[in-house]
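Observations on the three-dimensional arrangement
Here is what each chain is made of, one letter per residue.
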Amino acid sequence: MSAVVAPAGALAFLRQKSPGARRFFFGIVGLAVFFAVWELGTLLLQLNPATRTFATFGPVPTLEAFPLLWGEGKIQAAVAASGYRMGAGLIIAIAIGVPIGIVMGRIKRFREMSNSPFQFLRMISPLAWMPLAVIVYPEWDQAIIFLIAIAAVWPIMFATAAGLAKVDPAWFKVARNLGAKTVHMLTQVILPAITFDVLTGIRLALGVAWIVLVPAELLGVTSGLGYAIKDARETLSYDHLTAMVLVIGLIGWLLDTVCVVLINRYSWHHRGNH
Amino acid sequence: MSTSATATINETPHLMKSTGQGLFNFVAGLAILFALWWIGIELISRSSTTAYFASFGPVPTFRALATLWHEGLIQSAVWASGYRLGAGLLIAIAIGVPIGILMGRIPIFRELSNSPFQLMRMISPLSWEPIAVIVFAGWNEAIIFLIAIAAVWPVMFATAAGLAKVDPNWFKVARNLGASRRHVLTQIIVPAITFDVLTGIRLALGVAWIVLVPAEFFGVTSGLGYTIEDAREGLNYDQLMAMVLVIGAIGYMLDSLFVQLIKRYSWQRQS
């Protein structure tokens, strides 16, 4: 989204700086405001004796809990466990979504027939599959990976299909006239043309997978970010709770930014338009 | 975000070129899905070790669907979940659209808010759950909060992106013609961004739909998520599948509704 909401006009005194420096400056100030509002809210809650227990939700206890959790290795362990599930789920989603998306984009008949079943399956809330996944898969890890994959496959599939639909049909004609085989068509025409859209789809898929990951880890498993949150709540360590929430936000933001950078790198549509 | 949304919309006119063809594809596509489901379960339940999967098949599922409907379980679950979803989405729209307009109109606000909003957007909504349960007195309010906090970001960013696309000359012209602030809002901003807001609401609906089911797994004893959890605990796999079908069907209906609304308010495509 930040790519769409590009800073058009900014303050005059910052205009001479590079856009990157300005972004960084505003990013830091924005986060500072965020922490200030958070602290202010906590102080207001502290004034009232009825809500004084919420004080541990404040930014100071949260930031103090950070080195503690890191020192115990809890953050690293949770990130490693969740990262493995996310990665495996996303790779499965890409491996299934991109080929089906290409078929949808290339074969009109398949696209038309698959629309209703795929839209229907897409709108089954991923966590509704959970009871089923738990029965089918012997281990919780696999069930969680399945949930992430089934949530993430749709954005990738539809983005791939939409990307192919935008490709000028003349390209395929030209390629065929120049003697391109099916393999060449795939590697020289289709894949470079849709990389941008596939990455856009992966970014959406990442957002959805990130939403699914935490509730999927609230049950059954004893590792990962979702479990860490549940564990902090059950032991009433609210500072650990908010610290883990912050970790989730930061990692999600980092992953999202990586996707945005990749999308900008592979965007050829914009160059053509302007 | 808007790329894939508009792309899916662009495909719909192809399908609707002739309503007969569209209807045929719709029915045939679903028929193939149900046939594959039936064959799959039939093959799996043939082996004695996996015979218990037979109740996952389409025939027991549709039978359970009828039973659940007669008992009024589907209606009450849809009612409870619908209320939470509606309330959460309304709150998300009431907060997201005004902030999105501010982001689109005031550059300094957009640049300052970017980092905190991106950070908060990527906090997985369900990780707010422990906090929501402590803060809110009732589970209903906590679930509505979770849906609202999940749905507010797509609405907000879509509104801001929609405003950013509006030609700045429109505002100049309006001001020169003597438009007051209120007129600029009602005559220019709102009509210009309706399309984008609806696109955002459609995305928000998808996200809220994902959050709704796990949010109802805990605490409450009503709604679609609870009914699924209940069916699993009672080992009623046919009822479980029936509720999965209900969730998919309602989600599909809501999503199609927004696709129709988005097409109705799309002015970009006319140019």
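Treat the numbers as computed from the prediction; the structure is a model and nothing was measured.

Of regular secondary structure, chain B possesses eleven helices and zero strands. Seen along its three principal axes, the alpha-carbon backbone of chain B occupies a region of about 80 × 55 × 30 Å. Sequence-distant contacts in chain B: of pairs separated by 6 or more residues, those separated by 24 or more amount to 73%.

Our next topic: the overall build of chain A. Along its length, chain A carries eleven helices and zero strands. The secondary structure elements of chain A, listed N-terminal to C-terminal, are α-α-α-α-α-α-α-α-α-α-α. Along the three orthogonal principal directions, the C-alpha set of chain A runs to about 75 × 60 × 30 Å. Buried positions account for 41% of the 274 residues belonging to chain A.

All right, on to the confidence of the model for chain A then. All names here are of chain A. Averaged over all residues, the pLDDT of chain A is 86; the fraction at 70 or higher stands at 92%. Looking across chain A, the model is least confident in helix H11 (residues 269–273), with a mean pLDDT of 49, and most confident in helix H3 (residues 74–106), with 95. Taken as a whole, residues 1–11 scores under 50 in pLDDT and shows 26 contacts with residues more than four places along the chain or in a different chain.

Taken domain by domain, chain A comprises domain 1 (20–57) and domain 2 (73–273). Averaged C-alpha coordinates put domain 1 of chain A and domain 2 of chain A at centres separated by 32 Å.

Any two packed helices are characterised by the angle at which their axes cross and by the distance between the axes. Axis separation between helix H8 (residues 182–217) of chain A and helix H9 (residues 181–215) of chain B bottoms out at 10 Å; the angle between their running directions is 5 degrees. Taken as axis vectors, H8(A) and H9(B) run roughly parallel relative to one another. Between H8(A), through A:Val208, A:Ile211, A:Val212 and A:Pro215, and H9(B), the contact on the second element is made entirely by B:Val207, B:Ile210, B:Val211 and B:Pro214. Looking at side-chain class alone, the contact of H8(A) with H9(B) contains eight nonpolar, no polar and no charged residues.

We now examine the interface of chain B and chain A. Tallying the contact residues gives 54 residues for chain B and 59 residues for chain A. Of all the elements in the fold, those that place two or more residues in the side of chain B that touches chain A are helix H1 (2–15), helix H2 (19–44), helix H5 (107–121), helix H7 (139–165), H9, helix H10 (224–233) and helix H11 (237–264) of chain B.

Next up on the list: the nonpolar core. One finds A:Leu147, A:Ile148, A:Ala209, B:Ile147 and B:Ala208 to be the most contacted residues of the largest nonpolar core, which totals 140 residues. Not counting residues within four places of it along the chain, the set of residues in contact with B:Ala208 comprises B:Leu85, B:Gly88, B:Leu89, B:Ile147, B:Ala150 and B:Ala151.

This paragraph deals with the packing of helix H3 (residues 58–71) of chain B against H11(B). All names here are of chain B. The geometry of H3 relative to H11 is characterised by a closest axis approach of 8 Å and an angle of 80 degrees between their N-to-C directions. In terms of their interaxial angle, H3 and H11 are classed as roughly perpendicular. Side by side, H3 and H11 meet where Pro60, Thr61, Arg63, Ala64, Leu65 and Leu68 of the first sit next to Asp238, Gln239, Met241, Ala242 and Leu245 of the second. When grouped by side-chain class, the residues that make up the contact of H3 with H11 number seven nonpolar, two polar and two charged.

Most peptide bonds take the trans configuration, and most residues that are not glycine carry a negative phi. Within the chain, A:Leu236 stands out as a residue other than glycine whose phi angle is a positive 60 degrees. On the basis of neighbour count, A:Leu236 is assigned to the exposed category, with 11 C-beta atoms found within 10 Å. Not every positive phi belongs to a glycine, and B:Leu235 is a case in point at roughly 55 degrees. Its location among the elements puts B:Leu235 in the loop between H10 and H11.

Another aspect to go through is the confidence of the model for chain B. Residues and elements named next belong to chain B. Of all residues in chain B, 92% have pLDDT values of 70 or greater, and the mean over the chain is 87. Within chain B, H1 has the poorest average pLDDT of any element, 47, and helix H4 (residues 73–105) the best, 95. Low pLDDT, under 50, characterises residues 1–11; the predicted model gives this stretch 27 contacts beyond four residues in sequence or across chains. Predicted complex metrics record ipTM = 0.85 and pTM = 0.86.

Residue and element names in this part refer to chain A. Tracing the backbone shows Arg52 in the loop between helix H1 (19–47) and helix H2 (59–71). On the basis of neighbour count, Arg52 is assigned to the exposed category, with 11 C-beta atoms found within 10 Å. Residues Arg52 and Val198, 146 residues apart in the sequence, show an inter-C-alpha distance of 48 Å.

This part covers the environment of A:Phe118. For A:Phe118, the position within the fold is in helix H4 (residues 108–122). When the C-alpha atoms of A:Phe118 and A:Gly179 are compared, they prove to be 35 Å apart, with 61 residues separating the residues in sequence.

Parameters and conventions
Sequence order sets the numbering: in each chain, residues are counted from 1 along the sequence as written. Written order determines the labels here, with chains lettered from A and ligands numbered from 1. The predicted origin of the model limits local features to residues at a pLDDT of at least 70 and limits the giving and counting of side-chain atom pairs to 80 or more, whereas totals for whole chains, interfaces and linings rest on all residues. Comment: elements are numbered from the N terminus, with helices defined as DSSP H or I runs of at least four residues and strands as E runs of at least two. The contact criterion used here is simple: two residues whose C-beta atoms, placed from the backbone, lie within 7 Å are in contact. Exposure classification rests on a simple neighbour count of other C-beta atoms within 10 Å of a residue's own: a residue reaching 20 or more is buried, one at 12 or fewer is exposed, and one in between is partly exposed. C-beta atoms are placed from the backbone. Values of pLDDT, which run from 0 to 100, indicate the predictor's confidence residue by residue. Note: domain ranges come from an automatic or database domain assignment. Interaxial angle, 0 to 180 degrees, is taken between N-to-C directions of lines fitted to C-alpha atoms, where a helix line uses only the stretch in contact. For this classification, under 35 degrees means roughly parallel, over 145 means roughly antiparallel, 65 to 115 means roughly perpendicular, and everything else is oblique. Under the scheme applied here, ten amino acids are nonpolar (Ala, Val, Leu, Ile, Met, Phe, Trp, Tyr, Cys and Pro), four are charged (Asp, Glu, Lys and Arg), and all others, including Gly, are polar. Take the buried Ala, Val, Leu, Ile, Met, Phe, Trp, Tyr and Cys residues, join any whose C-beta atoms are within 7 Å, and the set you get is a nonpolar core.

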